Amino acid sequence: MHQERLSKLRSASPAVLPSLLQCDFGDLRREVRQLEAADVKVLHLDVMDGHFVPNLTYGMPIVAGLRRLTDLPLDVHLMISDPAAYVDAFAEAGADMLTFHIEAVPQPQSLIDQIHSHGIVAGVALNPKTPLSALDGCLDAVDAVLVMSVEAGFGGQSFDPGAPERIAELRKRRGDLLLEVDGGIKPDTIGLCRKAGCDLFVVGSAIFGQNDYAAAVRQLRDAL
Ligand code: DX5
Ligand code: ZN
């Protein structure tokens, strides 16, 4: 059943995924409606536990709240130390894709099975300093790889120029992988990642730092 959700994400690609980290949490309904009006196809949700990363955001209730607000697929980026303890709850909350960090779970086979058992797309993320070889044991088992182009934890950091090469290498290693990039994606960096073979582009500040989300998304799409 995760194949169904996977093909939905594939057919949306290449896609700009707004990261709901710097949005107005006091008015989520308005934020979501504006993003829908900007013709966004997938939302990216950043869950941080104050332990795996030195920042704390939100958990299942916000995911569940967003699920009630929209039919858009929800891509949930778990920057948490113990994802296995929360997979069932995030599935219940309505996640369509769950991405854990390889630095948190170096041997992830049972975690990937657990995610798939809910019919959810399984992704693995890695920070800029983590070698691609860390994925050797799971590259065939996951549906997606999220290449971090900043150190996970905060929005508004600058793009790691080594990211496109890592994306290209992963694309070479597995042609049917769903590839996602996150961090410092702006009109001047998005094209490099697309050229390297990336499918999904997570964007925080370059959308939420603008007044007109539709114009910001259009500018990013044009740069693809
Ligand atoms: C950072 C998060 C990102 C973040 C990106 O740890 O995973 O999703 O919101 O923000 P920008 O686009 O500002 O780098
Ligand atoms: Zn993210």
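Residues numbered from 1 in each chain as written. Chains lettered and ligands numbered in written order. Predicted model: local features only at pLDDT ≥ 70, side-chain atom pairs only at ≥ 80, totals over all residues. Heavy atoms only, no water.

(A) Focus on the side chain of D75. Residue position: D75 is located in strand β3 (residues 74-79). One buried charged side chain, D75, makes no salt bridge at all; its nearest oppositely charged neighbour is R67, positioned 11 Å away. Polar contacts involving the side chain of D75 include one to the side chain of H44, which spans 2.8 Å. Contact partners of D75, with chain neighbours within four places excluded, come to L17, V42, L43, H44, L45, M97, T99 and E180. (Helix = DSSP H or I, 4+ residues; strand = E, 2+ residues; numbered from the N terminus. Buried < 20%, exposed > 50% of the residue type's maximum accessible area, 1.4 Å probe, protein only. Lys, Arg positive; Asp, Glu negative; His and termini not counted. Salt bridge = Lys/Arg side-chain N within 4 Å of Asp/Glu carboxyl O. Polar contact = N/O pair within 3.5 Å; in protein donor to acceptor, adjacent residues only side chain to side chain. Contact = heavy atoms within 4.5 Å.)

(B) The arrangement of the sheet that holds strand β6 (residues 144-148) in detail. Spatially, the eight strands line up as an open sheet ordered β1-β8-β7-β6-β5-β4-β3-β2, and their pairing is parallel. Every other strand in the sheet has two partners, leaving β1 (15-18) and β2 (43-48) as the edge strands with one partner each. Averaged over all pairs of adjacent strands, the angle between strand axes in this sheet comes to 25 degrees, irrespective of strand direction. (Pairing = 2+ DSSP bridges. Axes fitted to C-alpha atoms, helices over the stretch in contact; angles between N-to-C directions.)

(C) Inspection of the coordination of the zinc ion (ligand 2) at higher detail. Those protein atoms acting as donors to the zinc ion (ligand 2) are H44 (NE2), D46 (OD), H77 (ND1) and D182 (OD), and they sit at 2.0 to 2.3 Å. The site at the zinc ion (ligand 2) holds six donor atoms, and with the angles between them running 68 to 170 degrees, its shape is octahedral. Here the donor residues for the zinc ion (ligand 2) map to a single chain with the spacing H-x1-D-x30-H-x104-D. With a gap of 138 residues between them, H44 in strand β2 and D182 in strand β7 (residues 178-182) connect regions that are remote in the sequence. Summarising the burial analysis for this pair, H44 and D182 share the class buried. (Donors = N, O, S within 2.8 Å, 3.2 Å for Na, K, Ca; no water. Tetrahedral: all angles 85-135°; square planar, octahedral: opposite > 155°, others 65-115°.)

(D) Geometry of the nonpolar core. Ranked by size, the top nonpolar core spans 64 residues in total, and within it V145 and I207 carry the most contacts. Core analysis: the next-biggest nonpolar cluster, separate from the first, contains twelve residues, A15, V42, M97 and L178 among them. (Core = buried A, V, L, I, M, F, W, Y, C linked by side-chain atoms within 4.5 Å.)

(E) Quick look at the site of ligand 1. Surveying the vicinity of ligand 1 reveals 21 residues, the closest of which are S19, G153, G184, G204 and S205. Between ligand 1 and D46, the relevant distance is 2.9 Å, taken from an oxygen atom to a side-chain nitrogen or oxygen of the residue. Within the contact set of ligand 1, an oxygen atom lies 3.3 Å away from a side-chain nitrogen or oxygen of H77. About the coverage of ligand 1: the protein hides 100% of its 380 Å² of free accessible area. Ranked by residues supplied to the shell around ligand 1, first place goes to β2 with three residues. Here the shell around ligand 1 is built from residues that sort into eight nonpolar, eleven polar and two charged. (Near = heavy atom within 4 Å. Areas by Shrake-Rupley, 256 points an atom, 1.4 Å probe, with all protein chains shown as cover. Nonpolar A, V, L, I, M, F, W, Y, C, P; charged D, E, K, R; others polar.)

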